[in-house]
Amino acid sequence: MFLRRERPGDEAAIAAVHRAAFARPDTHDEEPPEVALVAELRASDAWIASLSIVAIVNEELVGHVVCSRATIDDSIPVLGLGPLGVHPDHQDERVGSALMHAIVAAADSVGEPLIALLGDPAFYERFGFEPAADHRIAAPDADYGADFQVRHLTDTTGTERGQFKYAPAFDLVP
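Predicted model only: the values in this text are computed from it and were never measured.

*Asks:* Even after reading the chapter, I still don't get the nonpolar core, so can you show me in this structure?
*Replies:* A general trend in soluble globular proteins is that nonpolar side chains are found buried together. Ranked by internal contacts, the top residues of the largest apolar core, which has 26 residues, are L51, L81, L99, M100, I103, I115 and F129. Going through the elements one at a time, β2 (47–57), β3 (60–72), β4 (76–86), α3 (95–109) and β5 (114–118) are the ones with two or more residues in this core. Looking at which element gives the most residues to this core, the answer is α3, with eight residues. Grouped together as the second largest cluster of nonpolar side chains are 21 residues, L37, A70, V150 and A167 included.

This is the structure we're talking about:
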């Protein structure tokens, strides 16, 4: 497996990964919202090309993760992570973990202060994520509870506190 930034021409393969990774058994004919979310993010000002990373196994794109511009209190620029998708044929092969290590390192290397995400704490705590509320960062939805998490990076100032807001594309997708 190797990891690299998304390149022009990867869009269809990335969509296929998210389509397979987020398929819901009870809605076979419906497109998972994560597919539209990536397309909407890519077309928006929140897109950060250097923070869209793919995993390749045997010359096949099998995983993708992206961070996009988000804010705290509408004025502090931070990152929102997601979606993170791995094709079901390659799950349990540590592809998701490799993508997480890569995206955290990439975000840190470009001087971002913080990454936030919504996900299972049992998975994300191994990458240094902690409940956002513990850092006085309010989730976009109070129902997210401990599943809304943050990871401070090297350039954090400690003033990243307040109401978190994902890129507008997240509001367009159910």
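*Asks:* Looking at this structure, how should I read the pairing of β4?
*Replies:* When a strand is regular, its side chains alternate between the sheet's two faces. Most of β4 is tucked away, with nine of its 11 residues classed as buried. In terms of strand pairing, β3 meets β4 through nine bridges, oriented antiparallel. Bridge assignment links V65 to a residue of β4, and that residue is L84. As consecutive antiparallel partners, β3 and β4 are separated by three residues, and within that stretch D73 has a phi angle of approximately 55°, a positive value. In this structure, β4 lies alongside β5, joined through two bridges in parallel fashion. Within β5, the residue paired with G80 across the bridge is A116. Since β4 and β5 lie parallel, the crossover through α3 that links them has a hand, and here it is right-handed.

*Asks:* Even after reading the chapter, I still don't get the pattern of salt bridges, so can you show me in this structure?
*Replies:* Side chains that differ in sign of charge can pair as their charged atoms come close. Scanning the model with the defined rule gives six salt bridges in all. Across the salt bridge formed by R42 and E6, the nearest N and O atoms sit 2.9 Å from each other. Remark: E6 occurs in the loop between β1 (2–5) and α1 (11–21) and R42 occurs in helix α2 (residues 33–42); sequence separation between them is 36 residues. Among the residues examined, E6 registers a relative accessible area of 14% and is labelled buried.

What counts and what doesn't
- Residues numbered from 1 in each chain as written.
- Predicted model: local features only at pLDDT ≥ 70, side-chain atom pairs only at ≥ 80, totals over all residues.
- Heavy atoms only, no water.
- Core = buried A, V, L, I, M, F, W, Y, C linked by side-chain atoms within 4.5 Å.
- Buried < 20%, exposed > 50% of the residue type's maximum accessible area, 1.4 Å probe, protein only.
- Helix = DSSP H or I, 4+ residues; strand = E, 2+ residues; numbered from the N terminus.
- Pairing = 2+ DSSP bridges.
- Right-handed = clockwise from strand over helix to strand, strands pointing away.
- Salt bridge = Lys/Arg side-chain N within 4 Å of Asp/Glu carboxyl O.

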